[in-house]
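Next come the chains, spelled out residue by residue.
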Amino acid sequence: MEIVVFGAGSLGSLIGGLLAREHDVTLVAREAHVCAVRESGLRLEGAIDGGPSRIFPAATTDGTGPEADLVVVTVKSFDTRSAAETLATGSVDAILSLQNGMGNEATLAARLEVPVLAGTATYGAILQEPGVVECTGRGEVVLGARAGGPSPLADRIGEAFVAAGLEATVAKDMPRRLWEKLAVNAGINPVTALTGTENGAVLEEPATDLARTATRETARVARACDVSLSNREALAAMVDVAEATAANTSSMRQDVLAERYTEIDAINGYVVDRAGEAGLEAPTNRLLTSLIRTWERGRGLR
Ligand code: KPL
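Where an unreviewed UniProt entry is consulted, the protein chain appears under the name 2-dehydropantoate 2-reductase, with the organism given as Natrinema zhouii. According to UniProt, the comment filed for the protein chain under the heading Sequence similarities (unreviewed entry) is "Belongs to the ketopantoate reductase family."

Moving on to the sheet that holds strand S9 (residues 95-97). One open sheet holds the eight strands; their spatial order is S5-S2-S1-S7-S9-S10-S13-S14, and the pairing between them is mixed. The two strands at the open ends of the sheet, each matched to only one other strand, are strand S5 (58-60) and strand S14 (168-170). On average, each strand axis in the sheet is inclined to that of its neighbour by 20°, with strand direction left out of account.

Another aspect to go through is helix H6 (residues 174-195). For H6, with 22 residues, the first-to-last C-alpha span of 31 Å sits near the 32 Å given by 1.5 Å per residue. Its maximal kink placed at asparagine 185, H6 deviates by approximately 30°. Most of H6 is tucked away, with 19 of its 22 residues classed as buried.

For the rest of this paragraph, the subject is the site of the ligand. In the region of the ligand, the neighbouring residues are Asn100, Thr122, Gly124, Asn185, Ile188, Asn189, Asn199, Val241, Thr245, Asn248, Ser250 and Ser251. When residues in the shell around the ligand are grouped by element, the largest group, three residues, is from H6. Along the lines of polarity and charge, the residues of the shell around the ligand split into two nonpolar, 10 polar and no charged.

Here the focus is the environment of isoleucine 264. When you line up the elements, isoleucine 264 lands in the loop between helix H9 (251-257) and helix H10 (268-277). The sequence separation of isoleucine 264 and leucine 291 amounts to 27 residues, and the corresponding C-alpha distance is 9.9 Å. Apart from residues lying up to four places away in sequence, isoleucine 264 is in contact with Pro190, Gly269, Thr289, Ile292 and Arg293.

The positions that UniProt labels "domain: Ketopantoate reductase C-terminal" (unreviewed entry) are, in the present scheme, residues 176-294. The straight-line gap between the two end C-alpha atoms of residues 176-294 is 31 Å; of that span, 68% is helix and 0% is strand.

How two helices pack is summed up by the angle between their axes together with the distance between the axes. Contact geometry for helix H7 (residues 207-224) and H10: axes closest at 10 Å, N-to-C directions at 45°. The pairing of H7 with H10 is recorded here as oblique in orientation. Where H7 crosses over H10, the handedness of that crossing is left-handed. Contacts between H7 and H10 involve Ala214, Glu217, Thr218 and Val221 on the former and, on the latter, Asn268, Val271, Arg274 and Ala275. By residue class, the composition of the contact of H7 with H10 is four nonpolar, two polar and two charged.

To continue, consider the sheet that holds strand S12 (residues 132-137). Within the open sheet, the four strands sit side by side as S4-S3-S12-S11. Their pairing is mixed. Looking at the sheet topology across the chains shown, the edges are occupied by strand S4 (54-55) and strand S11 (124-129). Sheet analysis places strand S3 (residues 42-46) next to S4, joined by two bridges and oriented antiparallel. Opposite leucine 42, over in S4, you have isoleucine 55 as the bridge partner. With respect to the sheet, helix H1 (residues 10-19) is in contact with S3, S4, S11 and S12, its orientation differing from that of S11 by roughly 100°.

Parameters at a glance
Sequence order as written defines the numbering, with residues in each chain counted from 1. Local features in this predicted model are restricted to residues of pLDDT 70 or higher, and side-chain atom pairs are both shown and tallied only at a pLDDT of 80 or more, whereas totals for entire chains, interfaces and linings draw on every residue. UniProt positions are given in the numbering used here, feature names are shortened, and annotations may be inferred rather than shown by experiment. For two strands to be treated as a pair, DSSP must find at least two bridges joining them. Helix and strand labels come from DSSP, where a helix needs a run of H or I of at least four residues and a strand needs a run of E of at least two; each type is numbered from the N terminus. What counts as an axis is a line fitted to C-alpha atoms, over the stretch in contact for a helix, and the angles between N-to-C directions run from 0 to 180 degrees. Helix span, as expected, comes to 1.5 Å for every residue beyond the first. Bend is the name given here to the angle between axes fitted to two runs of seven residues, the run ending at a residue and the run starting at it. Whether a residue is buried, exposed or partly exposed is read from the other C-beta atoms within 10 Å of its own C-beta, which are placed from the backbone; 20 or more gives buried, 12 or fewer gives exposed, and intermediate counts give partly exposed. In this entry, near means the residue's backbone-placed C-beta atom lies within 6 Å of the molecule or strand. Lys, Arg, Asp and Glu make up the charged group, whereas Ala, Val, Leu, Ile, Met, Phe, Trp, Tyr, Cys and Pro make up the nonpolar group; the residues left over, Gly among them, are polar. For every residue pair, C-beta atoms are placed from the backbone, and the pair is scored as a contact if these atoms sit within 7 Å. Small angles under 35 degrees read as roughly parallel and large ones over 145 as roughly antiparallel, with 65 to 115 read as roughly perpendicular and the rest as oblique. Should the near helix be turned anticlockwise from the far one by less than a right angle, the crossing is termed left-handed; should it be turned clockwise, right-handed.

What follows is the structure, given as structure tokens:
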């Protein structure tokens, strides 16, 4: 399968690198990373079981006019619209969003005439330096039709992921899966970013209260949006991911460390907005959103 990974930062490089063991992969990434991959290949470190640790996917900074069977979109949620505009210049058969936050698939589908699948990824990944990505926690990719239900296309893509050695599941309940992942990120990401800790810190006192409350609030808002996600299910998912990626630096903490704009609007900010529409309060998500936005404003990022 010809696959383009659009926005190959830490997670995109890990997924793209694993896929490149079996498929013809092109990474669309920043210049330094592209130069390193072209020169010496992509080095995969950490929790990858077996298989070559140095692989040679194609790499480019220019995502215009892509031609592929599949584009895996891994850009930050706030870059989704511009990614869609670039992807519209090419000829691709299917798009899979593997991004944090909500609303990415709708943004892509509104601008593209190809099928857009929804997905979540709970692998922990860090780009150690250009050309080197470390897997800090083996998670899984879940993908499927964005409105839910069966999808032969999702089945084919799921098989392609599994053939490359990725943990991948095809789900018929993607709206619920996306809310569950949102609940995981709402608990882990801002708490680890604000406290400067690894994901495992949300399993311990005192951070655990904050993370659990944000996760529970998210599940409540999901139910108000007609998605069947119990508090227990959301909490179990958050704890599972925090355990599996305990040593990982969450993507939001990576953004804060690099003094970059974060995905707070598409994660906790999204929860606050949907809560407001449903006439609910989500005070912990509101507090976490305000703190991260204040940090962004202080750095001149917002
Ligand atoms: O999605 C993640 C992120 O960091 O954004 C998790 C799964 C929490 C892994 O760190």
